[in-house]
Amino acid sequence: MREDLLQEFPSLERYIYLNTASIGLVPRRTIEAIRDFSERVMSEGSAYLDEDMEEGIFEELRRASSRLMKCDEDDVAIFSSVTEAINSLAWALRGGGKIISTSLEFPSLIYPWIRIGKEKNWSLELLKSDLLVDEDELLKRIVEGVRAVCLSHVEFLTGQRLNLREIAERAHEVGSLLIVDGIQAAGCIPIDVKALDVDFYVFGGYKWLLGPMGAAAAYIREELSDELEPGIVGWRSVEDMWSLDASSVRYARGARKFEYSTSSYDSKVGLAKSIEYLLEIGIESIYEHDMRVSERFMDRIGEIEGIKIVTPQKGPIVTIEADRPYDLLRMIERGDRKLIASVRRGLIRFSIHLYNDYEDVEEASDRLARAVKSTS
């Protein structure tokens, strides 16, 4: 393990951490930034967090997010979670029609459309899928009358990466929007929202971006942002937030109008610091590293009898199907360093990031081979 990684992630001495798709490890520099900010706010109040500082508190995260997604700063809105962002957008959308998604999506991407559909003239259609999204069938479902297509860039269960550019092209042909949850992509896969031609792309910070919970950011296409009124509004939504004028609403420019309230400012400070850390290393470099280590892992576990790799392509998420998944997970945890992974919907999911190396995945595959043999 490289010394610079141990300085930022000292818990790696105790864990083989293959669970970033659940919660990422936070670098020490981010923890210190959050601690310093929180201590000063709590001990000094507005003597430290004065009006000017509070008004600009999201700007570091906005700048870092715009660099991460390769978009203009004015097209970035800061939120507290992906769920919050999706709800705000869903309430803002006008008109009726059909919402298209898949049965494999994480519930937080689907529930808002079910709830809000009760108030609006919408219907929800989920493409039924067992383990993988059939993209050809998905494209066939995107027809006239579809208001929006709502999908993950990378599926949380299997790590399947969808061809967003192709889906966006089809959606726009029929006048539909493409809304993307990028929480399993941002931080490990290079993102260019303009090249992908998506309308809305949102990510949370606590997985591959190695940030705290309570912070998220979204790209909102300029034309869409100009067209919509935010679904949730508050004192931060307006052009002059410190006017405190309750008699009228004059929205802030661009995507900023989707920001509405006091929130966990320390989380936003922390996520900005984590994104800056990843950008220093380089997302392309991280992606290449993750792919190399993932390929080694997939090659080794692919030789284990009784294991089926479900993930359809190389990538940071590697999901397998095996008998007695919970028993296997408990068995492979044991060792000099505890191995951390997850079971999701009866499948074992491993996730590999910049702080993992060949030694980690070779040890994990050896433990998995022994565990499978002992249970067969």
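The structure this text deals with has already been given above.
Residues numbered from 1 in each chain as written. Predicted model: local features only at pLDDT ≥ 70, side-chain atom pairs only at ≥ 80, totals over all residues. Heavy atoms only, no water.

On the surface, a cluster of negative charge is contributed by Asp50, Glu51, Asp52, Glu55, Glu239 and Asp240. Topologically, Glu239 is positioned in the loop between helix H10 (222-227) and helix H11 (265-281). (Patch = residues over 30% accessible without salt bridge, like charges linked within 9 Å, V, L, I, M, F, W, Y side chains within 5 Å. Areas by Shrake-Rupley, 256 points an atom, 1.4 Å probe, with all protein chains shown as cover. Salt bridge = Lys/Arg side-chain N within 4 Å of Asp/Glu carboxyl O. Lys, Arg positive; Asp, Glu negative; His and termini not counted. Charge placed at Lys NZ, Arg CZ, Asp CG, Glu CD. Helix = DSSP H or I, 4+ residues; strand = E, 2+ residues; numbered from the N terminus.)

This part covers unusual backbone geometry. Although it is not a glycine, Leu210 sits at a positive phi angle of roughly 60 degrees. Residue placement: Leu210 occurs in the loop between strand S7 (200-204) and strand S8 (216-220). Located in the positive-phi region is Arg324, a residue other than glycine, with phi close to 55 degrees. Relative to the elements of secondary structure, Arg324 occurs in the loop between strand S10 (317-321) and helix H13 (325-333). For Arg324, a relative accessible area of 45% translates into the label partly exposed. (Buried < 20%, exposed > 50% of the residue type's maximum accessible area, 1.4 Å probe, protein only.)

Another aspect to go through is the side chain of Ser129. Looking at where Ser129 falls in the secondary structure, it is placed in the loop between strand S4 (122-127) and helix H7 (135-141). Looking at Ser129, the relative accessible area reads 15%, which means it is buried. Apart from residues no more than four positions distant in its own chain, Ser129 is found in contact with Ser103 and Leu104. (Contact = heavy atoms within 4.5 Å.)

This part takes up the pattern of salt bridges. Scanning the entire structure with this criterion turns up 24 salt bridges. With its nearest N and O atoms 2.6 Å apart, the salt bridge here joins Asp74 to Arg256. Taken as a pair, Asp74 in the loop between helix H4 (59-69) and strand S2 (76-79) and Arg256 in the loop between H10 and H11 lie far apart in primary sequence, 182 residues in all. Classification of Asp74 by relative accessible area gives partly exposed; the value is 32%. The exposure class of Arg256 is buried, given its relative accessible area of 11%. It is possible to trace a salt-bridge network through shared partners that takes in Glu59, Arg62, Asp74, Arg253, Arg256 and Glu259.

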